[in-house]
Amino acid sequence: MEQTPWFQLNDADQLDTPALVIYPDRVRENIRLLIDAIDDVSRLRPHVKTSKSREAAQLMLEAGIQKFKCATIAEAEMLALCGAHDVLLAYQPNVAKIHRLLALMKAYPDTRFSCLVDNLTTARQIAEQAVEAGLIVPVYIDLNVGMNRTGILPDDAVLTLYTQLDKLDGIKPVGLHAYDGHLRNPDLAARTADCDKAFAPVQQLRDKLVALGFESPVIVAGGSPTFPIYAKRPDVECSPGTFIYWDKGYQTGLPEQPFLPAALVVTRVISLPDADKLCLDLGHKSVAPEGELAQRVTFLNAPHLKAIGQSEEHLVVEAGVGHSYQIGDVLYGLPNHICPTVALYERAFTVENGTITGEWLAIARDRMISV
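This write-up is about the structure you can find in this document. (Residues numbered from 1 in each chain as written. Predicted model: local features only at pLDDT ≥ 70, side-chain atom pairs only at ≥ 80, totals over all residues. Heavy atoms only, no water.)

1. Points about the overall build of the chain
Then step 1. Of the regular secondary structure elements, the chain holds 10 helices and 16 strands.
Then step 2. For 371 residues, the compact-globule estimate of 2.2 N^0.38 gives 21 Å, and the chain sits close to it at 22 Å.
Then step 3. Taking the principal axes of the C-alpha coordinates as reference, the chain spans close to 75 × 45 × 35 Å.
Then step 4. Put simply, the chain has 371 residues, and 53% of those count as buried. (Helix = DSSP H or I, 4+ residues; strand = E, 2+ residues; numbered from the N terminus. Rg over C-alpha atoms; globule rule 2.2 N^0.38 Å. Buried < 20%, exposed > 50% of the residue type's maximum accessible area, 1.4 Å probe, protein only.)

2. Here we look at the nonpolar core
Then step 1. Val-137, Tyr-245 and Phe-299 are the most contacted members of the largest nonpolar core, which totals 106 residues.
Then step 2. It is helix 3 (residues 73-82) that contributes the most residues to this core, 7 residues altogether.
Then step 3. In this structure, Val-137 is in contact with Leu-101, Leu-102, Met-105, Cys-115, Ile-126, Ala-130, Gly-170, Ile-171 and Lys-172, ignoring residues within four places of it in sequence. (Core = buried A, V, L, I, M, F, W, Y, C linked by side-chain atoms within 4.5 Å. Contact = heavy atoms within 4.5 Å.)

3. Observations concerning the pairing of strand 14 (residues 330-335)
Then step 1. Burial runs high along strand 14: 6 of the 6 residues are buried.
Then step 2. The alternating pattern of strand 14 places Val-330, Tyr-332 and Leu-334 and Leu-331, Gly-333 and Pro-335 on opposite faces, both of which are buried.
Then step 3. By the bridge criterion, 4 bridges tie strand 9 (residues 263-274) to strand 14 in an arrangement that is antiparallel. Each bridged residue has a counterpart across the sheet, and for Thr-267 the counterpart in strand 14 is Leu-331.
Then step 4. One ladder, built from 3 bridges, connects strand 11 (residues 297-299) with strand 14; its direction is antiparallel. Residue pairing in the sheet places Thr-298 in a bridge with Leu-334 of strand 14. (Pairing = 2+ DSSP bridges.)

4. Examining the sheet that holds strand 3 (residues 86-89)
Then step 1. If you trace the 7 strands from one edge of the open sheet to the other, you get 2-3-4-5-6-7-8, paired in parallel fashion. Edge positions in the sheet fall to strand 2 (67-70) and strand 8 (237-238), since each has one partner strand and no second.
Then step 2. The sheet contact formed by strand 4 (residues 112-117) and strand 5 (residues 137-143) spans 3 bridges and is parallel. Paired with Val-117 across the two strands is Ile-141, which belongs to strand 5.
Then step 3. In this fold helix 3 packs onto strand 2, strand 3 and strand 4, with an angle of close to 160° to the strand it touches most, strand 2. (Axes fitted to C-alpha atoms, helices over the stretch in contact; angles between N-to-C directions.)

Laid out in structure tokens, this is it:
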């Protein structure tokens, strides 16, 4: 007897498409796999940019994860709403954002909020507003270990900045942040060598700061590609994010990691333009339109379909002459990049045992919740 595919919906007729669907059992398994991959759950600081939902965050909290990373004030507030103990805003706040961070700290005093800085000007702006608010903001110095977007190079200039930060009222330097998302060699040994090289000056900075009399700084490092490497370093907090749902890009590029695809886009055939083509209701607004067109989504129940055209609400695929597809056929797509795909949907429908059981709102998809 042929087994029903894990992703197939028994009640697909009840689901309007395009739609984002989440498989909670697989999400729980991915959380378990994450925890099993590290010696101490307290060294986990997952990034919540992928799910943007309270439900996913709650599952991590229930599993014993207490520290988190995020990119927006809304994501930070979502975590506070869930009762997260420790939230790092892995973004350097500008003047307009600083007051929102401070408002969060006052609104949710049981959550420890922190943020990144990479220059003295921003640090002084944070410090000034924090003093006025009667608060102290923990800060991490953002290091540029090769991403070349934010952060300062991990050299002695970091020691100078750390010392300057320590003298400011209203903020307190507590650590170093080193994101190396550019290190994506599919070969784990080569990726490990690249990671070790990029991390060496970060380790040296920690030792120098201790020698200067500072408490040993907390180091928050890496993302999904280097998670297996940092998981073996006992003195580093690890910040993978995509593990929660996984996607085709990391499934292909990080073959050593066992996480399961747990989020799909469901689409339908809406037109048959000619003898060898199908048109689906999966446009730019429904799946992340990054990278090559042919790689944006892989259909689990039709992997041979090749995307040849996409616009805002439509995706045209080549099926071959003599295909048997009909209008209304349902396709299950695994996005190449799930994080920006989730951000296109205000809600995801949960699927358990082939049946739609509820929905998870992506409340942090909005830029503001209440603060």
